[in-house]
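One letter stands for each residue in the lines below.
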Amino acid sequence: MKSVVADYRYRVCCLRIVPVSGSPIYLTDYPRDLVMSGHTYLSTSGYQFTGYDSRSDLSPASIDIEGIAGLAGISRAAVASGVFDGARCYVFATTWTSPVEDQEPIVSGVFGKTALLDDRFQIGGVSLIDALNQSVGQIYSAACPKTFCGQEYGGCKASLAANTVTGMLTSVTSASVFSSSARTEPDDTFGAGTIQFTSGPNAGLKALEIKSFSGGVITTFEPFYYLPVVGNSYSMVRGCRKRLVDCQNRVGGSNVLNFGGFPWVPTGSIYTQVGKWG
């Protein structure tokens with residue numbers, strides 16, 4: 001049972017979206033903006049909270065939201081570049097007479113992949129209880145499963161600051177191929193790394209994974225939403241191919257103890273072979 005319930009006479013619903021990168025979005029279905037806890041929840045201009053489904057069993061609740069791209073703080077570029085993919089969302093009820101953030105929690109969830117339909121966006125998600133339906137446990141593979149530069153318990157522990165560089169573009173071939181003459185590092189140094197623009201039309205959009213790096217030329221798997229421009233500044237993180245040699249060479253050989261792969265464990269095709277008597 002809920003400990004606090006908003007007064008039904010003045011009840012309004014609010015939604016807080018916390019993307020993986022970028023600033024949170026605050027929305028409310030009240031006709032006017034509401035200010036609470038130092039945040040301004042925008043009125044329902046350009047979006048519609050289309051539904052929330054919940055059951056009494058442990059099945060995850062579903063959350064849906066749709067709206068017009070470019071309004072209510074949700075830009076078309078942010079949706080198309082995947083800023084809201086995997087974002088956390090928090091729905092709660094309060095009273096418009098004296099609004100209190102998270103006064104009556106309704107559901108906390110995670111958004112799935114967003115979709116653009118002309119100038120409209122659709123976002124669907126599930127509640128955090130869906131984590132109970134996920135298979136968990138450690139798997140054994142030759143590749144390291146850890147996130148490069150992750151500082152969590154038992155993580156990679158390589159220094160993010162020491163593996164991050166900044167610079168400016170000196171030439172642009174396409175939205176996914178560009179170069180920086182300041183990058184004189186060996187080939188593939190930034191392969192499997194990420195690059196994010198800090199100025200220009202793509203500033204604020206999510207970082208993209210780097211497909212290849214050679215002679216200062218950077219190629220990403222996906223194109224940036226806007227065509228980069230010469231002079232745009234960027235922040236780039238070195239990559240890791242998840243091999244033991246990366247721990248030995250890319251971080252000075254001091255990170256081998258944190259390597260999480262098992263390159264010497266035989267595969268199933270090896271240990272299931274039947275021996276032959278000679």
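Placed above this text is the structure.
Let us look at the structure shown here. The model shown is predicted, which means the values in this text are computed figures rather than measured ones.

**What about the overall build of the protein chain?**
- A tally of regular secondary structure across the protein chain gives three helices and 17 strands.
- Burial analysis of the protein chain (278 residues in total) assigns 37% to the buried set.
- For the protein chain, contacts bridging at least 24 residues in sequence account for 61% of all contacts bridging at least 6.
- As displayed, the protein chain offers around 15,700 Å² of accessible surface, 56% of which is attributable to carbon and sulfur atoms.

**Overview of the sheet that holds strand 15 (residues 208–214)**
- If you trace the seven strands from one edge of the open sheet to the other, you get 11-17-14-15-16-13-12, paired in antiparallel fashion. Of all strands in the sheet, those with a lone pairing partner are strand 11 (164–168) and strand 12 (171–172), marking the two edges.
- Pairing of strand 14 (residues 194–197) with strand 17 (residues 233–237) involves four bridges; the strand directions are antiparallel. When the sheet's bridge partners are listed, Phe197 is paired in strand 17 with Tyr234.

**Brief notes about the nonpolar core**
- Leu15, Ile17, Ile74, Phe84 and Phe111 are the most contacted members of the largest nonpolar core, which has 20 residues in total.
- At the level of elements, strand 1 (11–18), strand 2 (25–28), strand 6 (62–68), helix 1 (76–80), strand 7 (88–95), strand 8 (104–111) and strand 10 (120–127) are the ones that each hand at least two residues to this core.
- If we ignore the near neighbours within four places in the chain, the residues touching Leu15 are Ile25, Tyr26, Leu27, Tyr41, Ile65, Cys89, Tyr90 and Val91.
- Phe197, Ile210, Ile218 and Phe224 belong to the second largest nonpolar core, which has 13 residues in total.

**Looking at the pairing of strand 8**
- Two strands pair when backbone bridges link them, and strand 7 and strand 8 are joined in this way by six bridges, in the antiparallel orientation. Within the sheet, the bridge partner assigned to Tyr90 lies in strand 8 and is Ser108.

**Thoughts on the packing of aromatic side chains**
- Counted by the stated rule, this structure contains nine aromatic pairs.
- Both rings, one in Tyr10 and one in Trp96, keep their centres 5.6 Å apart while their planes meet at 85°; by these two values the pair is edge-to-face. Separated by 86 residues along the polypeptide, Tyr10 in the segment before strand 1 and Trp96 in the loop between strand 7 and strand 8 bring together distant segments of the chain.
- Using a relative accessible area of 28% as the deciding quantity, one classes Tyr10 as partly exposed.
- Owing to a relative accessible area of 37%, Trp96 belongs among the partly exposed residues under this scheme.
- Residues Phe190 and Phe213 carry aromatic rings whose centres are separated by 5.0 Å and whose planes lie at 80° to one another, so their mutual orientation is edge-to-face. Of this pair, Phe190 sits in the loop between strand 13 (177–179) and strand 14 while Phe213 sits in strand 15; the two residues are 23 residues apart in sequence, bridging distant segments of the chain.

**Overview of unusual backbone geometry**
- The backbone of Ala192 shows a phi angle near 70°, a positive value even though the residue is not glycine.
- Looking at the element boundaries, Ala192 is found in the loop between strand 13 and strand 14.
- With phi around 70°, Lys242 is a residue other than glycine that occupies positive phi space.
- Tracing the sequence through the fold places Lys242 in the loop between strand 17 and helix 2 (244–249).

**Things to note about the side chain of Asp246**
- The residue Asp246 is located in helix 2 in this model.
- Judged by its relative accessible area of 4%, Asp246 is buried.
- Among the polar contacts made by the side chain of Asp246, one reaches the main-chain amide nitrogen of Arg241 at a distance of 3.0 Å.

**Notes on the side chain of Thr28**
- Tracing the backbone shows Thr28 in strand 2.
- What makes Thr28 buried here is its relative accessible area of 0%.
- A polar atom in the side chain of Thr28 sits 3.3 Å from the backbone oxygen of Cys13.

**Here's the deal with the pairing of strand 16 (residues 217–220)**
- Alignment of strand 13 against strand 16, held across three bridges, turns out to be antiparallel. Within the sheet, the bridge partner assigned to Phe178 lies in strand 16 and is Ile218.
- Sheet analysis places strand 15 next to strand 16, joined by four bridges and oriented antiparallel. Counterpart to Ile210 in the pairing with strand 16 is Thr220.
- Hairpin geometry of strand 15 and strand 16 is characterised by an intervening segment of two residues between the two adjacent antiparallel strands and by a positive phi of about 60° at Gly215.

Thresholds applied
In this convention, every chain numbers its residues from 1, walking through the sequence in written order. Per-residue local features of the predicted model are confined to residues with pLDDT of at least 70, and side-chain atom pairs are confined, for both listing and counting, to 80 or more; whole-chain, interface and lining totals are unaffected and use all residues. Excluding hydrogens and water, the side-chain values take into account all heavy atoms of the structure. Each helix is a run of DSSP H or I of at least 4 residues and each strand a run of E of at least 2, with the numbering of both proceeding from the N terminus. Relative accessibility under 20% of the residue-type maximum defines a buried residue, over 50% an exposed one, and the middle range a partly exposed one, all with a 1.4 Å probe and only protein chains included. Contacts: residue pairs with any heavy atoms within 4.5 Å of one another. The Shrake-Rupley method, run with a 1.4 Å probe sphere, supplies the accessible areas, and residue values consider only the shown protein chains as cover. Strands are treated as partners if at least two bridges between them are detected by DSSP. We call a set of buried residues a nonpolar core when its members are Ala, Val, Leu, Ile, Met, Phe, Trp, Tyr or Cys and they connect through side-chain atoms within 4.5 Å of each other. Two rings belonging to Phe, Tyr or Trp (six-membered ring only in the last case) form a pair when the distance between their centres is within 6.5 Å. Interplanar angles under 30 degrees mark stacking, angles over 60 mark edge-to-face geometry, and anything in between is tilted. Identification of polar contacts relies on pairs of N or O atoms within 3.5 Å, with a donor-acceptor requirement for protein atoms, meaning one able to donate a hydrogen and the other able to accept it, and with residues adjacent in sequence counted only if both atoms are side-chain atoms.

Distances and angles like these do not, on their own, reveal function.
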